[in-house]
Amino acid sequence: MIQIQNPVMWKQTMEQNTAAGLKTGFVPTMGALHKGHLSLMERAQAEQDLLAVSIFVNPTQFNDPTDLRDYPNRIEEDIAKLTDIKADYLFLPGYDDLYPDSCRYSVVEKDFSGQLCGRNRPGHFSGVLTVVLKLLLLTEAKAAYFGEKDWQQYKLIKGMAEAFFLDTEIIACPVVREDSGLACSSRNELLSSSERNQAARLYEVLSKYARNPCAGAAESAAQELAAQGFAVEYLQQVEDRLLAAVQIGSVRLIDNVRVTAISS
Ligand code: AMP
């Protein structure tokens, strides 16, 4: 696996591969890789000639400095996992590499980014969209793979790619879960074992109400979660998804399921 820190070198390398007729599948991440991330990479490997991964914990999408400070850093383990699955390229930029403008320029979406996860986190999705736009422009992959675990993020990125005529196809991949049903997340390792047991109830409750969609299902599910000790930030149906963000102790978790078909 070839590791690159410098954006110019990354761009040149990606361009050379495209010129050689090779199709790149790109998976941007913030590291602490788990089987959810790996599922995106497997899909990219199955569909494209080369797998390019980035690891960058993007400070501009964190509006809580404690959350950023506590975000897990497992770079040696991540490199071992990527080597193991035979990833071809790893982009590991630093802050100054990706933000030579000190973040004077950013992408703003004026509608959906203010809802759900954006409601209480001002600037979060601008941070996400800005860094993803930079990464997509630097990589110019045939396709980039994102998880439906972060469904709102996926929708916003897909919308941005269309709005800015990006050539990269934006592909959604299903949520990967632990045996308990808990959606795999780098944040799960911040949960104590009892919190982890409780966290699995989130999927159970969402699934139950998604299977029986009816007026007031979202409100009922929110009440049931609150009764079980979750601090519910939101629980809402958008399109065919029932989406939630909850807090257990100091850990914020998000999840979503498809309404009527519990296959995600
Ligand atoms: P992150 O490192 O949290 O920024 O995630 C990088 C990518 O992995 C994003 O597209 C996420 O949606 C995706 N991802 C994270 N967790 C999961 C999961 N449990 N299942 C599927 N994709 C996931």
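Residues numbered from 1 in each chain as written. Predicted model: local features only at pLDDT ≥ 70, side-chain atom pairs only at ≥ 80, totals over all residues. Heavy atoms only, no water.

**Observations regarding the overall build of the protein chain**
Step number 1: Regarding its fold elements, the protein chain presents nine helices and nine strands.
Step number 2: Computed over the C-alpha atoms, the radius of gyration of the protein chain is 18 Å, within 12% of the 18 Å expected from 2.2 N^0.38 for a compact globule of 264 residues.
Step number 3: With the C-alpha coordinates aligned to their principal axes, the bounding extent of the protein chain is approximately 55 × 40 × 35 Å.
Step number 4: Taken across its 264 residues, the protein chain has 51% of its residues classed as buried.
Step number 5: Counting every atom, the protein chain has about 12,400 Å² of accessible surface; 49% of that belongs to carbon and sulfur.
Step number 6: Taken as two groups, the 26 positive and 34 negative side-chain charges of the protein chain have centres that lie 3 Å from each other. (Helix = DSSP H or I, 4+ residues; strand = E, 2+ residues; numbered from the N terminus. Rg over C-alpha atoms; globule rule 2.2 N^0.38 Å. Buried < 20%, exposed > 50% of the residue type's maximum accessible area, 1.4 Å probe, protein only. Areas by Shrake-Rupley, 256 points an atom, 1.4 Å probe, with all protein chains shown as cover. Lys, Arg positive; Asp, Glu negative; His and termini not counted. Charge placed at Lys NZ, Arg CZ, Asp CG, Glu CD.)

**Section: the site of the ligand**
Step number 1: If you check the shell around the ligand, you find 16 residues, and the closest are Met30, His37, Asp150, Val176 and Cys184.
Step number 2: Contact distances for the ligand include 2.9 Å between an oxygen atom and a side-chain N or O atom of His37.
Step number 3: In isolation the ligand exposes 490 Å². Once the protein is present, 93% of that is buried.
Step number 4: With three residues, the single largest contributor to the shell around the ligand is helix α2 (residues 35-47).
Step number 5: Of the residues assigned to the shell around the ligand, the class counts are nine nonpolar, five polar and two charged. (Near = heavy atom within 4 Å. Polar contact = N/O pair within 3.5 Å; in protein donor to acceptor, adjacent residues only side chain to side chain. Nonpolar A, V, L, I, M, F, W, Y, C, P; charged D, E, K, R; others polar.)

**Remarks on helix α1 (residues 7-19)**
Working note: α-helix, 3.6 residues per turn, so residues spaced by three or four point in the same direction.
Step number 1: Between its first and last C-alpha atoms α1 spans 18 Å; for 13 residues at 1.5 Å apiece the expected length is 18 Å, and the two agree.
Step number 2: Within the span of α1, buried status applies to Pro7, Trp10, Thr13, Met14 and Asn17. Down the axis, α1 shows its buried residues gathered within 130° of arc, on one side only. The exposed set on the far side of α1, more than 90 degrees from its buried face, consists of Val8, Gln16 and Ala19.
Step number 3: As for α1, its buried residues are in contact with β1 (2-4), β2 (24-29), β3 (50-55), β4 (89-91), α5 (95-98) and α6 (124-139).
Step number 4: Sitting at the head of α1, Asn6 places a side-chain oxygen 2.8 Å from the backbone nitrogen of Val8.
Step number 5: Positive phi shows up at Gly21, right after α1, with a value of about 85°. (Expected span 1.5 Å × (residues − 1). Arc of directions from axis to C-beta. Contact = heavy atoms within 4.5 Å.)

**Points about the environment of Thr29**
Step number 1: Relative to the helices and strands, Thr29 resides in strand β2.
Step number 2: A relative accessible area of 9% means that Thr29 is categorised as buried.
Step number 3: For the pair formed by Thr29 and Asn58, sequence separation is 29 residues and the distance between their alpha carbons is 9.5 Å.
Step number 4: In this structure Thr29 touches His37, Met41, Val53, Ser54, Ile55 and Phe56, once residues within four positions along its chain are discounted.
Step number 5: Within the structure, Thr29 has its side chain in polar contact with the backbone nitrogen of Gly31 (distance 3.0 Å).

**Side note on the domain arrangement of the protein chain**
Interface size is often expressed as the accessible area that is lost when the parts come together.
Step number 1: Domain annotation for the protein chain reports domain 1 (2-173) and domain 2 (186-257).
Step number 2: Listed per partner, the contact involves 21 residues of domain 1 and 14 residues of domain 2.
Step number 3: A buried area of about 1,600 Å², summed over both sides, lies between domain 1 and domain 2, and 49% of it is on carbon and sulfur atoms.
Step number 4: Taken as a group, Leu116, Lys149 and Trp151 account for 35% of the area that domain 1 buries against domain 2, more than any other trio of residues on that side.
Step number 5: Inspection of the domain 1/domain 2 interface yields four salt bridges.
Step number 6: Our count for the contact surface shared by domain 1 and domain 2 stands at nine residue pairs in polar contact (both at pLDDT 80 or more). (Domains from an automatic or database assignment. Buried area = accessible area lost by both parts, 1.4 Å probe. Salt bridge = Lys/Arg side-chain N within 4 Å of Asp/Glu carboxyl O.)

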